[in-house]
Amino acid sequence: MRAFNFSAGPAMLAEPVIKKIQEELLDWHGTGMSVMELGHRSDQFIQILEQTEQNFRQVLSVPDHYEILFFAAPARMHFSGIPMNLLRNKTTADYVVTGIWSKMAIDEGARYCDAHCVFSASDTNYLSITAPDTWQIHPEAAYLHYTENETINGLEFPFIPETESLAPLVCDMTSSILSKPLDISRFGMIYAGAQKNLALGGLSLAIIREDLLGKAHPFTPTTLNYQVIAQSDSLYYTPHTFGCYVAGLTCQWLMEEGGLEVISERNLRKAKKLYEAIDSSGGFYRNDVDPSFRSRMNVPFRLSDTTLEALFLEQARALHLEQLKGHRLAGGIRASMYNAMPEAGVDTLITFMKDFMQRNG
Ligand SMILES: *Cc1c(COP(=O)(O)O)cnc(C)c1O
């Protein structure tokens, strides 16, 4: 049986996607070759890459004046790629800090510019977000960067922030991309690592408004120059070929499931049930994030008696509830429930949690 895998990333893939990979693994479309063995400039691979891009455009409704770029690089590479490409002779950029990933983004950004923090959730121990119209926007900032979903501390923006900033909005969507419909036109650029809700580790993608390309700082490594990647159709260097293939299959699966509206409703239902189980446990389980900003994707929680957590994880595994251990920086338990996690997985987890509480409460 397939486990219910709650890993934060690399994470569970949809079963139909894995089956399709298995079906095509030895012989992709009658070529007698595996996708892994195709040259990246072969007609076959170019067809795969074009299909992946087309699937993205369709499932995410990406407007024509945005480029979709694929990188054989981690999400984190863009923490430096963004200032290098988007400062455009300015010296300041705005950052919102809502957790560990956005903190890492601002710290890396500070190596290239005056990385100005417009709002930090550190005052609330990263449990809540203050209204964007109160943020300290810098008038000269080249862009405003935020992280839609903080994967480790489980804090998520339920809206696209509206501020007085006129600078393009740039968003790290690594752990939330494709989890709900998105109005791309509100952004200058979004980017994501593929290992959470999409495909495999080592692949990332960016969706960027065309007018922001072509202004990279001269010291930008060519491999990191978004304009070069755009002009070469993501083939400037050898791309993450297998990851691009898997990403295309995932988009295909999302369309077959009914698209992002349907997926979004399912994700909301899964999260609501799990938070309800936590909140109704009389303190046996605890998640302290402000309910308005609780992540739908990653639910970190503690047991009131933290010494029971090891037993909790061990007994969960016996039921094929895997990889529930919290991030090493946060401890405790974390249930990551991206698109590929079936509702039945969340139901099984909740039943186990109630049962565990009864036996140990
Ligand atoms: C996992 C994660 C990253 C880092 O991804 P890498 O591909 O390992 O660099 C960055 N941002 C967010 C929000 C993440 O969840």
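Before any of the text, the structure's been laid out above.
Here is a short report on the structure shown in this document. Just so you know, these numbers come straight off a predicted model, no measurement behind them. (Residues numbered from 1 in each chain as written. Predicted model: local features only at pLDDT ≥ 70, side-chain atom pairs only at ≥ 80, totals over all residues. Heavy atoms only, no water.)

Describing helix α1 (residues 15–24)
To keep things clear, this is the line we draw: Here's how the labels work: a residue is buried when its accessible area is under 20% of the maximum for its type, exposed when over 50%, partly exposed in between, all with a 1.4 Å probe on protein chains only. Under the DSSP-based scheme used, a helix requires at least four consecutive residues in state H or I and a strand at least two consecutive residues in state E, with every element numbered from the N terminus. The arc in question is traced by the directions running from the helix axis to the C-beta atoms.
Buried within α1 we find Val-17, Ile-21 and Glu-24. Around the axis of α1, the buried residues are gathered within 80° of arc, so they sit on the same side. Residues Gln-22 and Glu-23 are exposed on α1 and point more than 90 degrees away from its buried face.

A closer look at the side chain of Asn-298
As a reminder, the rule being used: Under this definition, polar contacts are N or O atom pairs within 3.5 Å; protein pairs additionally need one hydrogen-donor-capable and one acceptor-capable atom, and for neighbouring residues in sequence, both atoms have to be side-chain atoms. Every residue pair with non-hydrogen atoms within 4.5 Å of one another is taken to be in contact.
Among the structural elements, Asn-298 can be located in strand β12 (residues 298–303). Looking at Asn-298, the relative accessible area reads 0%, which means it is buried. Reaching out from Asn-298, the side chain makes a polar contact with the side chain of Ser-336 at a distance of 3.0 Å. Residue contacts for Asn-298: discarding those within four places in its chain leaves Ala-8, Asn-149, Thr-151, Gly-154, Ser-175, Tyr-275, Arg-334, Ala-335, Ser-336 and Tyr-338.

Describing the site of the ligand
Where we set the bar: We call a residue near a molecule or strand as soon as one heavy atom of that residue lies within 4 Å of the molecule or strand. Accessible areas in this description were obtained via Shrake-Rupley with a 1.4 Å probe; residue shielding takes into account the shown protein chains only. Just so you know the grouping, Ala, Val, Leu, Ile, Met, Phe, Trp, Tyr, Cys and Pro go in nonpolar, Asp, Glu, Lys and Arg go in charged, and all remaining residues, Gly too, go in polar.
In the vicinity of the ligand, the contacting residues are Pro-74, Ala-75, Arg-76, Trp-101, Thr-147, Asn-149, Thr-151, Asp-172, Thr-174, Ser-175, Gln-195 and Lys-196. In this structure, Thr-151 approaches the ligand through a side-chain N or O atom, which is 2.4 Å from an oxygen atom. Contact between the ligand and Asp-172: a nitrogen atom at 2.7 Å from a side-chain N or O atom of the residue. Protein burial of the ligand: of its 380 Å² of free accessible surface, 92% is covered by the chains. In terms of residue class, the shell around the ligand is made up of three nonpolar, six polar and three charged.

Observations concerning the sheet that holds strand β14 (residues 333–336)
Operational definition: Note: two strands are recorded as paired if DSSP finds a minimum of 2 bridges between them. Axes here refer to lines fitted to C-alpha atoms; in helices the fit is confined to the stretch in contact. Angles between the N-to-C directions go from 0 to 180 degrees.
The three strands are arranged β11-β12-β14 in an open sheet whose pairing can be described as antiparallel. Every other strand in the sheet has two partners, leaving β11 (285–286) and β14 as the edge strands with one partner each. Relative to β12, β11 is paired through two bridges, and the arrangement is antiparallel. Opposite Arg-286, over in β12, you have Arg-302 as the bridge partner. On the sheet, helix α7 (residues 260–279) packs against β11, β12 and β14 and is oriented at approximately 15° with respect to β12.

Observations regarding the sheet that holds strand β5 (residues 144–147)
Pairing within the open sheet is mixed, and its seven strands lie in the order β2-β10-β9-β8-β5-β3-β4. Both outer strands of the open sheet, β2 (66–71) and β4 (114–120), are each paired with one neighbouring strand and no more. For this sheet, the mean inter-axis angle between neighbouring strands, taken without regard to orientation, is 20°. Direction of pairing for β2 relative to strand β10 (residues 204–209): antiparallel, over a ladder of six bridges. Note on β10: the bridge partner recorded for Leu-69 is Ala-206. Across the face of the sheet, helix α3 (residues 77–86) comes into contact with β2, β3 (92–97), β5, β8 (169–172), β9 (189–193) and β10 while running at roughly 160° to β9. Where helix α4 (residues 100–109) meets the sheet, its contacts fall on β3, β4 and β5, and the angle it forms with β3 comes to roughly 160°.

Some details on the pattern of salt bridges
Definition in use: What makes a salt bridge here is a side-chain nitrogen of Lys or Arg within 4 Å of a carboxyl oxygen of Asp or Glu, nothing more.
Taken as a whole and assessed by the stated rule, the structure comprises 20 salt bridges. The closest approach of N and O atoms between Glu-156 and Arg-296, which form a salt bridge, is 2.6 Å. Here the residue Glu-156 occupies a position in strand β7 (residues 155–156), and Arg-296 occupies one in the loop between β11 and β12, the gap between them amounting to 140 residues. Taking the relative accessible area as the measure of exposure, Glu-156 reaches 2% and is therefore buried. By relative accessible area, Arg-296 is classed as buried at 9%.

Observations concerning the packing of helix α2 (residues 43–60) against helix α6 (residues 241–256)
The following threshold applies: Put simply, angles under 35 degrees are roughly parallel, angles over 145 are roughly antiparallel, angles from 65 to 115 are roughly perpendicular, and the rest are oblique. Crossing chirality is assigned from the near helix's rotation relative to the far helix, an anticlockwise turn below a right angle marking it left-handed and a clockwise turn marking it right-handed.
Orientation of α2 relative to α6, taken along the N-to-C sense of each, is 40°, at an axis distance of 8 Å. As the angle between them shows, α2 and α6 are arranged oblique. Remark: the crossing between α2 and α6 carries left-handed chirality. The segment α2 lies against α6, with Phe-45, Ile-48, Leu-49, Thr-52, Asn-55, Phe-56, Gln-58 and Val-59 engaging Thr-241, Cys-244, Tyr-245, Ala-247, Gly-248, Cys-251, Gln-252, Leu-254 and Met-255. Looking at the contact of α2 with α6 residue by residue, the classes come out as eleven nonpolar, six polar and no charged.

Considering the nonpolar core
Selection criterion: Nonpolar core, defined: a set of buried Ala, Val, Leu, Ile, Met, Phe, Trp, Tyr and Cys residues in which side-chain atoms within 4.5 Å join the residues together.
Among the nonpolar cores identified, the biggest contains 89 residues, and Phe-56, Leu-60, Leu-178, Leu-274 and Phe-312 are the most heavily contacted of them. A total of nine residues in this core trace back to one element, the largest contributor, which is α6. Residues contacting Phe-56, with those up to four places away along its chain left out, are Ser-61, Val-62, Ile-68, Phe-70, Leu-178, Leu-198, Leu-205, Ala-247 and Cys-251. Judged by nonpolar contacts, the second largest core, of 32 residues, contains Phe-71, Tyr-95, Leu-212 and Ala-230.

Topic: the packing of α7 against helix α9 (residues 343–360)
Running from N to C, α7 and α9 point in directions that differ by 5°, and their axes come no closer than 10 Å. Comparing the axis directions of α7 and α9 gives the class roughly parallel. On the side of α7, the interface is formed by Arg-266, Arg-269, Lys-270, Lys-273, Leu-274, Ala-277 and Ile-278, while α9 contributes Glu-343, Val-346, Asp-347, Leu-349, Ile-350 and Met-353. Considering only residue class, the contact of α7 with α9 consists of seven nonpolar, no polar and six charged.

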